[in-house]
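Observations on the model geometry
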Amino acid sequence: MSATRKRPRSEWCRRSAIAASTLLVAICIACGGGGPGSQTSAKKKKESAVKVLSLDVGEADGAKFEVSVEDIDGVRLCNITFSGKLPSPATVDKIVRESLEKAVRKDPSKDILATAFMGNDTLTSNQYSGKLVYKAAEKKILTLDEYRGVKVSTFSTSSYFVQIKEDQTYPGIEPAKKWLSLTIVFPKTPSRKIAYDAIFTEIAKVATKGLDVNACVSVGDKNVKTSWKQMRDNDGAYVFAKYDSATREVTRKGEVLKKLK
C-alpha cells in the first residue's frame, strides 16, 4: 500500500455511518426496531463526525482499493473500498482480513468493524463472506454472527443442504425476540414445487422449537457460501416463506401457503 488521497467529507460520512450502525447496535450504543426485519436505518441517522486515522491504497488482481481506519461515534471502523473491477470473493475476503489485522496491530485495545464496499455500496453476500469484527476483550477476529452470538448449524439431505441460524434482536432492543432463519441450498435450480416442498418440510422439522421461521431457497455450491444465489419465483420475487408459530401458518407475501397440524 502506498500514498494516501483525500475523499469528500460527504462520502466519508455516508459510508462510515452505514458501517458504524452495524457495530453501534451490536454493542448497545444504538438501537432500532426489533424482529427479523431491518433493525436500524443508518441513512436516517444524523450525519456524524468522522475522524480518519489512516488511509492507504492498494491493488490486487487488477483491482484497486482503499483502506481507511476511522472513528465515528466511539466506534473504530476499517473500511475497504473497491473501485472499478471487483476481485473474486476469496480475494476480497483476504484483503478484508489482512486490512483488519493491520488495524488491530496498530491498536488492539478497541473493537473494530471491517466492511467492504464498492464505492458507497456495501458488498453483497455473493461478493464476499461478510463483515468481520475484532473483539478486543477476547483478542479475536469474529464474523458478525459470531460477535452477536448467533448460533449456526447445518446438515445435508440427499437433495439439498440446509443452514439454520438461531437469530435474535440486537442486545438492548425491546421486546427481545428470537427466530430461525433457514437457507435451503440446491446444487441446481429445482422446480417451484420441489423448492416449496423443501421449505414446508424443513419448517415442519423446526416448528417444535416454538419460534417464528424465515425460510428461503438458494442455488449454489454448499461449500462456497458466496455462490448461494436466491431462487426467483414466477412473480419475479424470491422463493421464500414465513412461519408464524402462533398461527402455525406458512405464508408468502401475506398468502397462506400451508397450515401445519
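Above this note sits the structure.
Small disclaimer: the values here were computed from a predicted structure and weren't measured.

Topic: the overall build of the protein
Regarding its fold elements, the protein presents four helices and 15 strands. Every one of the 261 residues in the protein was classed for burial, and the buried ones make up 45%. Taking all contacts inside the protein whose residues are at least 6 apart in sequence as the whole, residues at least 24 apart take part in 55%.

Quick notes on the side chain of serine 54
Inspection of the secondary structure assignment puts serine 54 in strand S1 (residues 50-60). The residues contacting serine 54, other than those within four sequence positions of it, are Val67, Ser68, Val69 and Lys106.

Notes on the side chain of serine 99
Mapped onto the fold, serine 99 is located in helix H2 (residues 89-106). Residue serine 99 is classed as buried on the basis of its relative accessible area of 6%.

Let's talk about the pairing of strand S13 (residues 240-244)
Across a regular strand the side chains alternate sides, sitting on one face of the sheet and then on the other. Side chains Ala241 and Tyr243 of S13 all project onto a buried face; the interleaved residues Phe240, Lys242 and Asp244 project onto a face where none is buried. Inspection of the sheet shows strand S11 (residues 212-219) paired to S13 by four bridges, in the antiparallel sense. For cysteine 216, the partnering residue across the bridge sits in S13 and is phenylalanine 240. Bridging between S13 and strand S14 (residues 249-252) involves three bridges; their strand directions are antiparallel. The residue bridging tyrosine 243 from the neighbouring strand is valine 250, located in S14.

Re H2
Taking 1.5 Å per residue, 18 residues should reach 26 Å; H2 reaches 26 Å between its end C-alpha atoms and fits that length. Every buried residue of H2 is accounted for by Thr91, Val92, Ile95, Val96, Ser99, Leu100, Ala103 and Val104. Buried residues belonging to H2 abut S1, strand S2 (63-72), strand S3 (75-83), strand S4 (112-118), strand S6 (132-135) and strand S7 (140-143).

Description of the pairing of strand S10 (residues 178-186)
Of all the nine residues making up S10, eight are buried; the element is thus mostly covered by neighbouring parts of the structure. As defined by bridge partners, strand S9 (residues 161-168) adjoins S10 across eight bridges and the pair is classed as antiparallel. Note on S10: the bridge partner recorded for glutamate 166 is leucine 180. In this sheet, S11 lies alongside S10 in parallel orientation, the contact comprising eight bridges. Following the sheet pairing, phenylalanine 186 is matched in S11 by valine 219. Note on the crossover from S10 through helix H4 (residues 192-206) to S11: the handedness is right-handed.

Overview of the nonpolar core
Within the largest apolar cluster, 24 residues are counted, with the highest numbers of intra-cluster contacts made by Ile184, Ile199, Ile203 and Val217. Listing elements by their share of this core, those giving two or more residues are S9, S10, H4, S11 and S13. Take this core: its biggest share by element is seven residues, from H4. Discounting chain neighbours no more than four positions away, the residues touching valine 217 are Ile184, Phe186, Ala195, Ile199, Gln230, Met231 and Val239. The next biggest cluster of nonpolar side chains, apart from the first, holds 22 residues, and it includes Ala60, Val67, Ile80 and Ala136.

With respect to H4
Look at H4: 22 Å from first C-alpha to last across 15 residues, which is about the 21 Å you get at 1.5 Å a residue. Buried residues of H4: Ala195, Tyr196, Ala198, Ile199, Phe200, Glu202, Ile203 and Val206, and no others.

Focus on the pattern of salt bridges
For the coordinates displayed, the defined rule picks out 14 salt bridges. Of the charged contacts, one joins arginine 76 and aspartate 71 as a salt bridge, the two residues approaching to 2.4 Å between their closest N and O atoms. With relative accessibility at 16%, the residue aspartate 71 sits in the buried group. Arginine 252 is the partner of aspartate 235 in a salt bridge, and the nearest nitrogen-oxygen pair spans 2.9 Å. Here aspartate 235 is found in the loop between strand S12 (229-230) and S13, whereas its partner arginine 252 is found in strand S14, with 17 residues between them in sequence.

The rules behind the values
Residues numbered from 1 in each chain as written. Predicted model: local features only at pLDDT ≥ 70, side-chain atom pairs only at ≥ 80, totals over all residues. Heavy atoms only, no water. Helix = DSSP H or I, 4+ residues; strand = E, 2+ residues; numbered from the N terminus. Buried < 20%, exposed > 50% of the residue type's maximum accessible area, 1.4 Å probe, protein only. Contact = heavy atoms within 4.5 Å. Pairing = 2+ DSSP bridges. Expected span 1.5 Å × (residues − 1). Right-handed = clockwise from strand over helix to strand, strands pointing away. Core = buried A, V, L, I, M, F, W, Y, C linked by side-chain atoms within 4.5 Å. Salt bridge = Lys/Arg side-chain N within 4 Å of Asp/Glu carboxyl O.

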